[in-house]
Amino acid sequence: MSTSTGPAEDDGVERGTTDDGVPFARSPDAAFAGLPDYPWGPSYVTFEGLRMHCVDAGPADGPVALLLHGMPTWSYLNRRIIAGLVAAGWRCVAPDHIGFGRSDKVTDDGWYSIARHTRAMAHLIAELNLKDVTLFCQDWGGPIGLAQAAETPERFARLVIMNTWLHTPEYDYAQPLRRWNEGWKPDGLFGANVPDRMSIGWFMMLATRRIERPHFFAVVQGQETPELSAADAEVRRAYDAPFAGLGYAGHAGPRRFPLSLPFDNPAGGAAEAQTRHFRTLLDWKKPIHFIWGGADDVFTTDRGQAWAARYPHATFDLLPDAAHFLQDTHGDRIAELFLAHAAT
């Protein structure tokens with residue numbers, strides 16, 4: 001790996017190349033200063049010449065929770081769950097996928113695949129020698145995290161599954177998810193407008209219901225900057241922080257996740273591996289808890305309940321008013337529900 005701050009940049013962004021010569025950018029530390037409800041300092045492992053960040057909080061000898069985010073978020077999404085578990089004596093490890101959060105951002109779209117994200121997560125787990133792990137996974141954290149439990153079950157003690165999926169040939173992809181995929185193609189709503197007219201932070205304001213859809217589209221069209229409360233403005237800043245100064249190339253990681261959905265890109269989305277992992281995990285006999293946002297129009301309550309019904313010993317907790325990013329809006333409650341299950 002080599003790194004430098006390019007002479008043309010005056011933004012604090014460090015740039016370099018991986019062990020294989022692929023370019024990456026590194027978000028400036030200043031972008032993450034003073035984020036609300038996120039007091040933890042950075043911790044890193046190295047993967048293919050890249051820094052992969054994780055929160056590592058709580059007692060070193062506590063039971064381990066591994067909390068995985070999806071698209072287009074980062075470990076900040078899990079901040080309230082982390083706080084609740086650490087207060088109860090748990091050690092929380094919350095990584096940022098490469099291309100997200102405080103991890104390095106490879107700027108070549110072709111570098112990214114679900115198989116590579118899965119290898120990176122396996123590397124982090126091995127480097128930290130995590131054992132007796134409880135996995136918390138949502139969105140793309142599902143395929144990436146559940147792959148770890150399927151491939152190295154001896155490291156995992158429990159699964160907590162939230163608004164995610166594993167691909168199988170029979171999986172019926174909802175129309176909102178197909179529109180999400182189309183939206184990130186070059187001429188789609190997101191592909192054409194992120195980041196110049198639409199930031200990740202503003203998208204998350206819509207997705208977490210901090211603004212309404214008309215206000216969001218007014219932002220995209222340059223007609224309006226909605227007024228946010230001081231607290232919501234800080235949350236928006238937190239979701240924008242990983243991409244400060246990185247431009248279009250620095251958003252390659254978020255861009256590639258929706259374009260890796262297996263119905264559109266079976267190779268990039270690790271379709272065969274996902275199916276294998278789904279079938280392997282049907283034999284999971286250890287504790288498994290489904291905590292589901294009931295207001296998600298992609299991963300609906302019916303889908304979550306049908307998945308949970310495959311496990312006679314599973315628990316299923318429905319948060320009726322929680323949408324897709326339930327960790328952000330209902331993190332305290334998720335921690336409470338889990339701790340009650342773990343105590344029995």
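Residues numbered from 1 in each chain as written. Predicted model: local features only at pLDDT ≥ 70, side-chain atom pairs only at ≥ 80, totals over all residues. Heavy atoms only, no water.

A. A look at the pattern of salt bridges. Per the stated rule, a full pass over the model turns up 17 salt bridges. A salt bridge links Asp29 to Arg102; its shortest N-O distance comes to 3.1 Å. Within this pair, whereas Asp29 is found in the loop between β3 (23-26) and β4 (43-47), its partner Arg102 is found in the loop between β7 (91-95) and β8 (105-106), the two being separated by 73 residues in sequence. On the basis of relative accessibility, which here comes to 12%, the residue Arg102 falls in the buried class. A salt bridge links Arg237 to Glu234, with the shortest nitrogen-to-oxygen separation between them at 3.0 Å. With Arg237 and Glu234 both in helix α8 (residues 230-240) and three residues apart, the pair spans about one turn of that helix. Overall, the relative accessible area of 28% leaves Glu234 in the partly exposed class. Where salt bridges share partners, they join Arg79, Arg210, Asp232 and Asp328 into one cluster. (Salt bridge = Lys/Arg side-chain N within 4 Å of Asp/Glu carboxyl O. Helix = DSSP H or I, 4+ residues; strand = E, 2+ residues; numbered from the N terminus. Buried < 20%, exposed > 50% of the residue type's maximum accessible area, 1.4 Å probe, protein only.)

B. Looking closely at the side chain of His69. Locating His69 in the fold gives a position in the loop between β6 (64-68) and α1 (79-87). The class of His69 is buried, set by a relative accessible area of 0%.

C. Spatial organisation of the environment of Asp20. You can see Asp20 is positioned in the loop between β2 (14-17) and β3. The exposed category is assigned to Asp20, whose relative accessible area is 60%. Taking C-alpha positions, Asp20 is 42 Å from Ala218, a pair spaced 198 residues apart along the chain.

D. Molecular detail of the side chain of Gln327. Relative to the helices and strands, Gln327 is located in helix α12 (residues 326-342). Taking the relative accessible area as the measure of exposure, Gln327 reaches 0% and is therefore buried. A distance of 3.2 Å separates the side chain of Gln327 from the side chain of Gln138, its partner in a polar contact. (Polar contact = N/O pair within 3.5 Å; in protein donor to acceptor, adjacent residues only side chain to side chain.)

E. Expanded view of the sheet that holds β4. Strand order in the open sheet formed by eight strands is β4-β5-β7-β6-β9-β10-β11-β12, with mixed pairing between adjacent strands. The outermost strands of the open sheet, each flanked by one partner alone, are β4 and β12 (315-319). Each neighbouring strand pair of the sheet contributes to a mean axis angle of 20 degrees, computed without reference to strand direction. The pairing of β4 with strand β5 (residues 50-57) spans five bridges and is classified as antiparallel. Across the sheet, residue Phe47 finds its bridge partner in β5, namely Leu50. (Pairing = 2+ DSSP bridges. Axes fitted to C-alpha atoms, helices over the stretch in contact; angles between N-to-C directions.)

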